[in-house]
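The residues making up each chain are set out below.
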Amino acid sequence: MGCVSTATTVHGRRVLGIFSSAFIEKNLIGKTCGEELEVATMHERLLKMMEFGDAFIALPGGFGTLEELFQIISWAQLNIHQKLIGVLNVNGFFDDLLSS
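Residues numbered from 1 in each chain as written. Predicted model: local features only at pLDDT ≥ 70, side-chain atom pairs only at ≥ 80, totals over all residues. Heavy atoms only, no water.

Description of helix H3 (residues 42-52)
Just so we agree on the cut-off: The buried label applies to any residue whose accessible area, calculated with a 1.4 Å probe on protein chains only, is under 20% of its type's maximum; exposed applies above 50%, and partly exposed to all values in between. What counts as a helix is a DSSP run of H or I of at least four residues, what counts as a strand is a run of E of at least two, and both are numbered from the N terminus. This arc is built from the directions going out from the helix axis to the C-beta atoms. The contact definition used throughout considers only heavy atoms, calling two residues in contact when any of these lie within 4.5 Å.
For H3, every residue scored as buried is listed here: Arg 45, Leu 46, Met 49 and Met 50. Seen from one end, H3 has its buried residues packed into an arc of 140°, which puts them on one side. In the core, the buried residues of H3 are packed alongside strand E1 (16-20), helix H2 (21-25), strand E2 (35-39), strand E3 (55-58) and helix H4 (63-77).

Section: the pattern of salt bridges
Opposite charge on two side chains allows them to pair when their charged atoms are near. Stated formally: Any Lys or Arg side-chain nitrogen found within 4 Å of a carboxyl oxygen on Asp or Glu counts as a salt bridge.
Under the counting rule described, the total for this entry stands at 3 salt bridges. Among the ionic pairs, Arg 14 bridges to Glu 35, the shortest N-O distance being 2.8 Å. Within this pair, whereas Arg 14 is found in the loop between helix H1 (2-10) and E1, its partner Glu 35 is found in strand E2, the two being separated by 21 residues in sequence. Take Arg 14: its relative accessible area is 53%, and that puts it in the exposed class. Its salt-bridge partner being Glu 51, residue Lys 48 comes within 3.4 Å of it at the nearest N-O pair. Placement of the pair is Lys 48 and Glu 51 together in helix H3, with a separation of 3 residues, close to one helical turn.

Concerning the packing of H3 against H4
To be explicit about the condition: To obtain an axis, a line is fitted to C-alpha atoms, over the contacting stretch when the element is a helix, and the angle between two such axes runs from 0 to 180 degrees between their N-to-C directions. Our angle categories are set so that under 35 degrees counts as roughly parallel, over 145 as roughly antiparallel, 65 to 115 as roughly perpendicular, and the remainder as oblique. Should the near helix be turned anticlockwise from the far one by less than a right angle, the crossing is left-handed, and should it be turned clockwise, the crossing is right-handed. The classification used treats Ala, Val, Leu, Ile, Met, Phe, Trp, Tyr, Cys and Pro as nonpolar, Asp, Glu, Lys and Arg as charged, and all other residues, Gly among them, as polar.
Interaxial distance between H3 and H4 falls to 12 Å at its minimum, and their mutual angle equals 50°. On the basis of the axis angle, H3 is oblique to H4. As H3 runs across H4, the sense of the crossing is right-handed. Facing H3, whose interface residues are Met 42, Arg 45, Leu 46, Leu 47, Met 49 and Met 50, H4 presents Glu 68, Gln 71, Ile 72 and Trp 75. When grouped by side-chain class, the residues that make up the contact of H3 with H4 number 7 nonpolar, 1 polar and 2 charged.

Here it is as structure tokens:
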């Protein structure tokens, strides 16, 4: 995500990093550019992403990435939002998921 936020900032766009306290406690946050917002829980993080985000892009990640992607897709199916959802399929990371 650091490369994405850096490229976004370089091209004159606003970046807001939303982190749960768990990320900070486990030292999972790298160098960020732009604004930062700390929230208490992962659910609150997703709600803030929904509030402030224009679109959602899933990059290769772990179970948390998949959980957030499925939640955002579910909310779109329920017409809770109409924001764009993308999957950056680097080196075929999401191939099995996308073929389902």
